[in-house]
Amino acid sequence: MLLSGAALAQAVPTTFGTVIGNGLLCRDQTANFYYYDYLLKAFGPAYKHDGGAFWFKTEGANLWGTPVSEVMVSDDTSTYIFVGAVAEATPEELEKAIIAQVGVHYARIDTSAFPVREAKPASRIVYFDTKSKIYCAKYKPLPPVQPPPVRQRLK
């Protein structure tokens, strides 16, 4: 029996809000391989690899009562490890939904026409055309540079 493309699509996992939502709010350790594996299992392969990230379509997913159409996870080319999402709402609407659901408040950290909003410990909401993008990015320290070996004295 053949299944249609819609039938092959998996349902959004019940853990999506806990795993991805807490990741976006920087309430959890940010490990790109963890989020990549989670999204791969839940939604299938990334549909694109662009801007230092793997992008996953997340049809049917919601966070804080707001539809989330895409989730992106950093690759290893950046000095930051991040998880982000595209919300089908303006930054103002998304911020209100997060406050209502979780109580996390955001502060405008610039005075531009399209201000970046930031919450502690570092979650940010930015404009993404008519939508918004929310993300958590943490600095990924590079391994320390090892000094060259000291030449041994010959006896």
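Residues numbered from 1 in each chain as written. Predicted model: local features only at pLDDT ≥ 70, side-chain atom pairs only at ≥ 80, totals over all residues. Heavy atoms only, no water.

Turning to the overall build of the protein chain, a few remarks are in order. Scanning the protein chain from terminus to terminus reveals 4 helices and 8 strands. Counting from the amino terminus, the protein chain carries its helices and strands in the arrangement α-α-α-β-β-β-β-α-β-β-β-β. Within the protein chain, the fraction of its 155 residues that count as buried is 39%. Long-range contacts, defined here as pairs at least 24 residues apart, represent 50% of the contacts in the protein chain between residues at least 6 apart. Of the roughly 9900 Å² that the protein chain leaves accessible, carbon and sulfur atoms contribute 58%. (Helix = DSSP H or I, 4+ residues; strand = E, 2+ residues; numbered from the N terminus. Buried < 20%, exposed > 50% of the residue type's maximum accessible area, 1.4 Å probe, protein only. Contact = heavy atoms within 4.5 Å. Areas by Shrake-Rupley, 256 points an atom, 1.4 Å probe, with all protein chains shown as cover.)

With that settled, consider the packing of aromatic side chains. Here the structure, examined in full by the defined rule, presents 6 aromatic pairs. With centroids separated by 5.3 Å and ring planes inclined at 75 degrees, the aromatic side chains of Tyr34 and Tyr35 adopt a geometry described as edge-to-face. Its relative accessible area of 40% is what places Tyr34 among the partly exposed residues. Its relative accessible area of 0% is what places Tyr35 among the buried residues. Considering the side-chain rings of Tyr36 and Phe54, the 4.9 Å spacing of their centres and the 65 degrees angle between planes classify their relative orientation as edge-to-face. Taken together, the residues Tyr36 in helix α3 (residues 32-43) and Phe54 in strand β2 (residues 53-63) connect sequence positions 18 residues apart. Note on Tyr36: relative accessible area 28%, which makes it partly exposed. With a relative accessible area of 24%, Phe54 lands in the partly exposed category. Grouping aromatic residues by their ring pairs yields a cluster made of Tyr36, Phe54 and Phe56. (Phe/Tyr/Trp six-rings, centres within 6.5 Å; stacked < 30°, edge-to-face > 60°.)

This next bit is on helix α2 (residues 16-24). Among the residues of α2, those classed as buried are Phe16, Val19, Ile20, Gly21, Gly23 and Leu24. The elements touched by buried residues of α2 are α3, β2, β3 (66-74), β4 (80-87) and β8 (131-139). Immediately downstream of α2, the backbone of Cys26 shows phi near 60 degrees, a positive value.

Within the element layout of this structure, Glu70 appears in strand β3. Of the side chains with opposite charge, Lys57 comes closest to the buried, unpaired Glu70, at an N-O distance of 4.5 Å. For Glu70, the residues in contact, after removing those within four places along its chain, are Tyr47, Trp55, Phe56, Lys57, Thr58, Gly84, Ala85 and Val86. (Lys, Arg positive; Asp, Glu negative; His and termini not counted. Salt bridge = Lys/Arg side-chain N within 4 Å of Asp/Glu carboxyl O.)

To continue, consider α3. Look at α3: 16 Å from first C-alpha to last across 12 residues, which is about the 16 Å you get at 1.5 Å a residue. Within α3 the residues assigned to the buried category are Asn32, Tyr35, Tyr38, Leu39, Ala42 and Phe43. Seen from one end, α3 has its buried residues packed into an arc of 130 degrees, which puts them on one side. The exposed residues of α3 that point more than 90 degrees off its buried face are Phe33 and Lys41. Against α2, β2, β3 and β4 lie the buried residues of α3. (Expected span 1.5 Å × (residues − 1). Arc of directions from axis to C-beta.)

So, about the nonpolar core. Ranked by size, the top nonpolar core spans 30 residues in total, and within it Ile20, Trp64, Ile98 and Ile134 carry the most contacts. If you list the elements that add at least two residues to this core, you get α2, α3, β2, β3, β4, α4 (91-102) and β8. Ranked by residue count, the leading element in this core is α3, at 5 residues. When residues no more than four places from it in sequence are discounted, the contact partners of Trp64 are Gly21, Leu24, Leu25, Leu94, Ala97, Ile98, Gln101, Val102 and Ile134. With 5 residues, the next largest nonpolar core counts Ala53, Trp55, Met72 and Phe82 among its residues. (Core = buried A, V, L, I, M, F, W, Y, C linked by side-chain atoms within 4.5 Å.)

Honestly, it's all geometry; don't read function into it.
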